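Residue-level structural notes
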Amino acid sequence: LAKTTQPISMDSYEGQEVNITCSHNNIATNDYITWYQQFPSQGPRFIIQGYKTKVTNEVASLFIPADRKSSTLSLPRVSLSDTAVYYCLVTPGNTGKLIFGQGTTLQVKP
Amino acid sequence: DAGVIQSPRHEVTEMGQEVTLRCKPISGHDYLFWYRQTMMRGLELLIYFNNNVPIDDSGMPEDRFSAKMPNASFSTLKIQPSEPRDSAVYFCASSSSLGNEKLFFGSGTQLSVL
């Protein structure tokens, strides 16, 4: 199972773009990259998922280089409500052993 | 769909008592997961089921923990006897597939063992 590494914490200000990078050096061919967001007292919530190149939805963008050994979650123009913990997961297609790392605690300041 | 439903929302019990946590997955989801979250250890996968069958329970901390899924719409996680170190938030999640699946989490059960 591919291990992920991401920064423990990040600070930002309202209106800025935030980029959180996750490394997953031993990602396998069939693995996807999935990001979740967790607010206090709530369960994690799916944000975005990708396999390669770029994926964009109404919440975020996900950039994955050709070698897939890392990925970057991009949050455009963050607000105070984006303060949360963000988890990067490598999701294999052959097992449900989905491991959450420590995540990145994003603090958005006014 | 109402999403993944967990009960109770909060549970306070005394050491040695039996605790049962309940989960109703999203209808049509074939996979069900139990996670535990603490400040020290983060989110830990305890066990997951596929079509009501336990597939991997290697994360279950010890024999005091047991999980069942008697049908596609209900699962329980039982701790007997409970200990103070079991205090944590327990999440249930479900998904429709593996790989490119999305996990849908419940609101969790905050367990306090005194």
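Preceding block: the structure.
Note that the structure is predicted; figures quoted are calculated from it, not measured.

Before going further, it helps to examine the interface of chain A and chain B. Contacts between chain A and chain B engage 19 residues on the former and 19 residues on the latter. At the boundary of chain A with chain B, total buried surface from both sides reaches about 1600 Å², with 56% on carbon and sulfur atoms. Of all residues in chain A, the largest losses of buried area upon contact with chain B belong to G96, L98 and F100 of chain A, amounting jointly to 29% of the total for that side. Connecting chain A to chain B are zero salt bridges. Our count for the contact surface shared by chain A and chain B stands at five residue pairs in polar contact (both at pLDDT 80 or more). Looking at the side of chain A that touches chain B, the elements with two or more residues in it are β3 (32-38), β4 (45-50) and β8 (84-91) of chain A. Ranked by residues supplied to the side of chain A that touches chain B, first place goes to β3 of chain A with three residues. Residue composition of the side of chain A that touches chain B, by class: eight nonpolar, ten polar and one charged.

With that out of the way, let us pick up the pairing of β4 of chain A. All names here are of chain A. Where β3 lies against β4, five bridges are found, and the strand directions are antiparallel. Note that in β4 the partner of W35 across the bridge is I48. The turn joining β3 and β4, which pair antiparallel and follow one another in sequence, is formed by six residues; a positive phi near 65 degrees is taken by S41.

Attention shifts here to the sheet that holds β4 of chain A. Residue and element names in this part refer to chain A. Taken in spatial order, the five strands make up an open sheet running β1-β9-β8-β3-β4, and their pairing is mixed. Of all the strands in the sheet, the pair left with one neighbour each is β1 (9-13) and β4. Neighbour-to-neighbour, the strand axes of the sheet open up by a mean angle of 25 degrees, direction not taken into account. When β8 meets strand β9 (residues 104-109), the two strands line up antiparallel, connected through three bridges. Counterpart to A84 in the pairing with β9 is L106.

This part covers the sheet that holds strand β5 (residues 53-56) of chain A. Residue and element names in this part refer to chain A. The strand order across the open sheet formed by four strands is β2-β7-β6-β5, and the pairing between neighbours is antiparallel. In this open sheet, the two edge strands, each paired with only one partner strand, are β2 (18-23) and β5. Across this sheet, the average inter-strand angle for adjacent strands is 15 degrees, counted without regard to direction. Pairing between β5 and strand β6 (residues 61-64): four bridges, direction antiparallel. In the strand pairing of β6, T56 is matched with S61.

Rules used in this analysis
- Residues numbered from 1 in each chain as written.
- Chains lettered and ligands numbered in written order.
- Predicted model: local features only at pLDDT ≥ 70, side-chain atom pairs only at ≥ 80, totals over all residues.
- Heavy atoms only, no water.
- Contact = heavy atoms within 4.5 Å.
- Buried area = accessible area lost by both parts, 1.4 Å probe.
- Salt bridge = Lys/Arg side-chain N within 4 Å of Asp/Glu carboxyl O.
- Polar contact = N/O pair within 3.5 Å; in protein donor to acceptor, adjacent residues only side chain to side chain.
- Helix = DSSP H or I, 4+ residues; strand = E, 2+ residues; numbered from the N terminus.
- Nonpolar A, V, L, I, M, F, W, Y, C, P; charged D, E, K, R; others polar.
- Pairing = 2+ DSSP bridges.
- Axes fitted to C-alpha atoms, helices over the stretch in contact; angles between N-to-C directions.

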